[in-house]
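# Structural overview
Take a look at the letters that make up each chain.
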Amino acid sequence: MTDPTRLTLAEARDALRARKLSAGELTRAHLGAVEKARALNAYIVETPEKALAMAEASDARLARGEAGPLEGLPIGVKDLYATEGVHTQACSHILDGFKPRYESTVTSQLWRDGAVMLGKLNMDEFAMGSANETSYYGPVASPWLPPNRDADWARAALADPGKKGLLTPGGSSGGSASAVAAHLCLAATASDTGGSIRQPAAFTGTVGIKPTYGRCSRWGMVAFASSLDQAGPIARTTRDCAIMLGSMAGHDPRDATSVDAPVPDYEAAVGRSIKGLRIGIPREYRIDGMPAEIEALWSRGVEWLRAAGAEIVDISLPHTRHALPAYYIVAPAEASSNLARYDGVRYGLRVPGRDIADMYEQTRRAGFGAEVRRRVMIGTYVLSAGYYDAYYVRAQKIRTLIKQDFEKVYADGVDAILTPATPSAAFGIGEKGSADPVEMYLNDVFTVTVNMAGLPGIAVPAGLSGDGLPLGLQIIGRPFGEETLFSVAEVIEQSAGRSPLPARWW
Amino acid sequence: MNTHAKPSKLIKGATGDWEIVVGMEIHAQVNSRSKLFSGASTAFGGDPNSHVSLVDAAMPGMLPVINEECVKQAVRTGLGLKARINNRSTFDRKNYFYPDLPQGYQISQFKSPIVGEGEVIVDVSPTEQITVGIERLHLEQDAGKSLHDQSPTDSFVDLNRSGVALMEIVSKPDIRSAEEARAYVTKLRTILRYIGSCDGDMEKGNLRADVNVSVRRPGDGLGTRCEIKNVNSIRFIGQAVETEARRQIAILEDGGSINQETRLFDPARGETRAMRSKEEAHDYRYFPDPDLLPLEFDQAFVDALAAGLPELPDAKKARFMRDYGLPAYDAGVLVADRETADYYEAAVRHGGATRDAKIVANWVTGDIAAYANSIGVGVAQTHITPAQIAGIVDLIVDGSISGKIAKDLLAIIIAEDKSGDPRAIVEARGMKQVTDTGAIEAAVVAIIEANPDKVAQARAKPTMLGWFVGQVMKQTGGKANPQAVNDLLKSKLGI
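Report on the accompanying structure. Think of each chain on its own: its residues are numbered from 1, step by step along the sequence as written. Labels follow written order: the first chain is A, the first ligand is 1, and so on. pLDDT decides what is reported in this predicted model: residues at 70 or higher carry local features, side-chain atom pairs at 80 or more are listed and counted, and totals for whole chains, interfaces and linings draw on all residues regardless. As a rule here, side-chain values come from all non-hydrogen atoms in the structure, and water together with hydrogens is ignored.

What follows concerns the overall build of chain B. Only DSSP runs of H or I covering at least 4 residues are called helices, and only runs of E covering at least 2 are called strands; the numbering of each starts at the N terminus. Check the secondary structure of chain B and you find 15 helices and 16 strands. Projected onto its principal axes, the C-alpha positions of chain B cover 95 × 55 × 55 Å. Contacts were defined at the residue level, with two residues in contact if any of their heavy atoms lie within 4.5 Å. For chain B, contacts bridging at least 24 residues in sequence account for 68% of all contacts bridging at least 6. A total accessible area of about 22000 Å² is found for chain B, and carbon and sulfur atoms account for 50% of it. To be clear on the numbers: accessible area is Shrake-Rupley with a 1.4 Å probe, and residue cover counts the displayed protein chains and nothing else.

Here the focus is the interface of chain B and chain A. Between chain B and chain A, the residue contacts involve 29 residues of the former and 36 residues of the latter. Taking both sides of the interface into account, the surface hidden between chain B and chain A amounts to around 2700 Å²; carbon and sulfur atoms contribute 60%. Buried area is understood as the total, over both parts, of accessible area removed when two parts are fitted together, assessed with a 1.4 Å probe. Interface area lost by chain B to chain A is led by Pro60(B), Phe97(B) and Arg285(B), which between them contribute 22%. Here, a salt bridge means any side-chain nitrogen of Lys or Arg that lies within 4 Å of a carboxyl oxygen of Asp or Glu. A salt bridge links Asp291(B) to Arg218(A); the shortest N-O distance between them is 3.1 Å. By the criterion applied in these results, polar contacts are pairs of N or O atoms within 3.5 Å in which, for protein atoms, one can donate a hydrogen and the other can accept it, and in which residues neighboring in sequence qualify only through two side-chain atoms. Linking chain B to chain A there are 16 residue pairs in polar contact (both at pLDDT 80 or more). Elements that contribute at least two residues to the side of chain B that touches chain A include exactly strand 4 (92-95) and strand 15 (287-288) of chain B. Nonpolar residues are Ala, Val, Leu, Ile, Met, Phe, Trp, Tyr, Cys and Pro. Charged residues are Asp, Glu, Lys and Arg, and all others, Gly as well, are polar. Here the residues of the side of chain B that touches chain A sort into 21 nonpolar, 4 polar and 4 charged.

Residues and elements named next belong to chain B. Ring geometry is summarised as follows: Phe, Tyr and Trp rings, the Trp one being its six-membered ring, pair when their centres sit within 6.5 Å, and such pairs are stacked at plane angles under 30 degrees, edge-to-face over 60 and tilted between the two. Evaluation of the coordinates by the stated rule reveals 29 aromatic pairs over all chains. Look at Phe37 and Phe91: their rings are 5.3 Å apart centre to centre, the planes differ by 80°, and that puts the pair in the edge-to-face class. Here the residue Phe37 occupies a position in the loop between strand 2 (16-29) and helix 1 (68-80), and Phe91 occupies one in the loop between strand 3 (88-89) and strand 4, the gap between them amounting to 54 residues. The burial state of Phe37 is the same as that of Phe91; both residues are buried. Ring geometry for Phe110 and Tyr286: centres 3.7 Å apart, planes at 5°, overall stacked. In this scheme, a residue with accessible area under 20% of its type's maximum is buried, one over 50% is exposed, and one in between is partly exposed, where area comes from a 1.4 Å probe on protein chains only.

A few words on the pairing of strand 7 (residues 128-141) of chain B. All names here are of chain B. In terms of burial, strand 7 is a largely internal element, 10 of the 14 residues being buried. Any two strands between which DSSP finds at least two bridges are classified as paired. In terms of strand pairing, strand 6 (residues 118-125) meets strand 7 through 7 bridges, oriented antiparallel. Following the sheet pairing, Val122 is matched in strand 7 by Ile130. Between strand 6 and strand 7, which pair antiparallel and follow one another directly, the connecting turn spans 2 residues. In this structure, strand 7 lies alongside strand 10 (residues 165-171), joined through 7 bridges in antiparallel fashion. By the bridge assignment, Leu139 is partnered in strand 10 with Met167.

This part covers unusual backbone geometry. Residues and elements named next belong to chain A. Residue Ser172 is reached from Gly171 by a cis peptide bond, and omega for that bond is 5°. Here Ser172 is to be found in the loop between helix 5 (151-159) and helix 6 (174-181). Of note, the phi angle at Cys91 is positive, near 50°, even though the residue is not glycine. Here Cys91 is to be found in the loop between strand 2 (74-78) and helix 4 (105-112).

Attention shifts here to the side chain of Ser465(A). Residues and elements named next belong to chain A. Note on placement: Ser465 falls in the loop between strand 10 (457-464) and strand 11 (470-477). Since its relative accessible area comes to 8%, Ser465 is described here as buried. Those residues within four positions of Ser465 in sequence are excluded, and the remaining contacts are Glu293, Ala425 and Leu471.

With that out of the way, let us pick up the pattern of salt bridges. Residue and element names in this part refer to chain B. By the definition in use, this model includes 65 salt bridges over all chains. Note that Glu69 and Arg76 form a salt bridge whose closest N and O atoms lie 3.4 Å from each other. Measuring nitrogen to oxygen at the nearest pair gives 2.8 Å for the salt bridge that ties Glu441 to Lys492. Note that Glu441 is positioned in helix 12 (residues 437-450) and Lys492 in helix 15 (residues 482-493), a separation of 51 residues in sequence. Residue Lys492 is classed as partly exposed on the basis of its relative accessible area of 34%.

A surface patch of nonpolar side chains, amounting to about 270 Å² of accessible area, comprises Tyr381(A), Tyr387(A) and Tyr391(A). Accessibility expressed as a relative area gives 31% for Tyr391(A), which makes it partly exposed. Patches here: salt-bridge-free residues with over 30% relative accessible area, like charges joined within 9 Å, nonpolar side chains (Val, Leu, Ile, Met, Phe, Trp, Tyr) joined within 5 Å.

For the rest of this paragraph, the subject is helix 10 (residues 403-415) of chain B. Residue and element names in this part refer to chain B. Compared with the 18 Å implied by 1.5 Å per residue over 13 residues, the 19 Å span of helix 10 between its first and last C-alpha is a close match. Those residues of helix 10 that sit buried are Ile405, Ala406, Leu409, Leu410, Ile412 and Ile413. End-on, the buried residues of helix 10 take up no more than an arc of 155°, which puts them together on one face. Along helix 10, exposed side chains directed more than 90 degrees from the buried face belong to Lys404 and Ala415. By this rule, a helix spans an expected 1.5 Å times one less than how many residues it contains. This arc corresponds to the set of directions leading from the helix axis out to the C-beta atoms.

For the rest of this paragraph, the subject is the packing of helix 8 (residues 238-248) of chain A against helix 17 (residues 482-496) of chain A. Residue and element names in this part refer to chain A. Look at helix 8 against helix 17: their axes get within 9 Å of each other, and the N-to-C directions meet at 160°. Between helix 8 and helix 17, the angle falls in the class roughly antiparallel. Contacts from Thr238, Arg239, Cys241, Ala242 and Leu245 of helix 8 reach helix 17 at Glu482, Phe486, Ala489, Glu490 and Glu493. Class assignment of the residues belonging to the contact of helix 8 with helix 17 gives a composition of 5 nonpolar, 1 polar and 4 charged. Think of each axis as a best-fit line through the C-alpha atoms, taken over the contacting stretch in the case of a helix, with angles from 0 to 180 degrees between the N-to-C directions. Put simply, angles under 35 degrees are roughly parallel, angles over 145 are roughly antiparallel, angles from 65 to 115 are roughly perpendicular, and the rest are oblique.

Below, the discussion takes up the sheet that holds strand 4 of chain B. Residue and element names in this part refer to chain B. The strand order 5-4-15 describes an open sheet built from 3 strands, whose pairing is antiparallel. A strand with exactly one partner marks an edge of an open sheet, and here the two such strands are strand 5 (105-108) and strand 15. Sheet topology places strand 4 next to strand 5; 4 bridges connect them, and they run antiparallel. Bridging from a neighbouring strand, Asn95 pairs with Tyr105 of strand 5.

Take a look at the structure:
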């Protein structure tokens, strides 16, 4: 076998089980790739000793025939997940030096099933961002070359910490998406509050699923907006996502919002016929100024599904246009409260002050980046006496209406909904949002409704833009309809033909 | 709410009468082994930060999970307050920064509490009973404790209390005097202790009161109130009400007005002091806690808890009055403490017999209570057993000893023969009352014969009989049955 990092997760799993490859070899190949790709800035912490020790243990289990579902498969972990004894900062300076004495439920389930940890992945600070530019550890570069740029130019651009001119992998799970697309892991954990799995997946030609709210435990995930946050994987294929989610999902009594429902065999849904499924096409997602190539991509997706035997129906989700503004009230409101614990008293950064109030102010000023401070201020404002009813209460009402839009459509017999994943292909690092943050927030226009309604959504690559950049389609499901999403996504993946990911230039 | 001012409650000011209006928020620590949202111990007195879970310390990614036992205790308490139980309630976050509040917010119930309106019947005096309305009861987390005396430069934080469950019990402004305020808290504490939902230990801070005080002219609407925070003894609650009311009256009579503010009571100086005014009040930015689902349970859950409740003080009092013929006051005193009430009943019913319940009540609330008080314990914690009380009372009732000898007998049980059987002590020490009329008659005759002058006096003035009684008792060592002595003397003296 020449380069095991080019395998999909499923292929690597099968090779390990067939003893054609060892977990040690597979892990070393990935560690080598990670080392060579440091300039991409996808990993902020590498854990090679841990990875090799885990791989060795996996090889022993494989030899004994006791392999778990993910035995020996190297993955990356978004810095949002608490990993015992390993740097966990949600890429914020305020958690400076924080190494938890506990392991998140999701990652502990992955290790239980035999996965191997390569390191911690870059992300937007506290998952607040859509381009991985708010990370304390600097931006992540996408392995996709910008249009009309060659590898020499890109290597030079990569040497600069600002990575100007290179493409963003999206955010907030930018490190996860970049690492998966650059073959720096077989799959990665990610998280999605308003689109943070699906947008980066779409930008990097990878597959990412945000499951139903409550499907994965949030215990041990650094909280951004508790009612919207949900764990999920990014991987190179639909099948790989299904395998990952099977290990990540499940009820956890330590998370009151996690749902006690059995975890289906998601992989079995990959390749299942979608004949007779009713796929809704929401007219409200045809937004003003949408690029023609996104329209065309969407239409192609419709045709593929129709060809696979699905019934296509036009639907209406009338409150869609209110979702983004409502989201940018609810999410910052929860964040302003969730981030109050970072006060310099018990862990992480502490900047001394004259008195306690001064210590709080100095610590939080130094510890939080500009975007986090902005959202904490927005959140504090919308929860304040006199504004609460006008903002927070109204946003929650809109949220209910959005939910009802979906419920109505599903009650009418629709099984899943097809939309574009993003309004555009990946843009350049530093290109958006510097003057007006709303420009960046608009990235989430197709994805936030799904979080607001607590539904599952998957982004799957469906083709390339005129500039040769990946574009994705999103499929939105019924609550706990993840299997349907995997079946539909697989049809798109097969119909589109898997576009080759970029060869190494970094 | 009481709308008509009772003249007896009014305070005389320089310019006329004033009425005090008090409402209270009682914070009662829930009796449970673990905290409201974590598995950490609630034990008192551990080393600093020895009872702290990852959740209590608000480590990143930690989530609260409701402790069912705390929910049950709140429901039980609600039932004890004859209150509406809300089968669906929600938790909100109260946001503020303080070092002993690790999350940066307290999880509380702001909008939909677990318990709604109820009432408490309060005995203010042997002759006066009032009803205080309950507005609501909700569950919330306690904060930790800042320690400022451990270092010259730094403060330390002890999180052992952080996350411990509290019930906040909010009364309606139905209280009209310091005396009523004290009686209300006393009664509430009795109910909590009966139910077992709070130990009511104010010294440990397990029960503390925020007291809202305002004054008004009789018949007027409510005045501006001040909230006196964290008063931690029943005596201080009374003092705080009195002091604060007088302060407000003085201001109003001087033509001033009351600022709505939060104040502290300083028992050493006997004054209240401003903490912060309404303008400086925090904006707590309450919103529903997204980490917790609404708290929901069905009626069967409530019914099962209701079925498991003990007999509560009001019911017990009514039963004592009905079954034992006790006056309301005696019954009220006995049921104020559940153990005392149980002790009393055990004495009344000891050995399967039912003895004179009123005499038993007199002993328990009289001599036994006095002794218990002198050594600083409750009646039930003394070494004197209900069986011994029963024994003493039986000896009195069957005429074996007089009331006076009974007191001597108790003194022996208290000091010398602690586990002694009263009847055996009386036998062994020859304390038995002489009821043999032959022996008494001999003594009577002897004294009459020896004192002819006194006999003449007595015949002229029958109250002289007392002198003869005294002499007979002296001669018989106090053991003669006083009734028999009286009867014999009267017949022999012909009076």
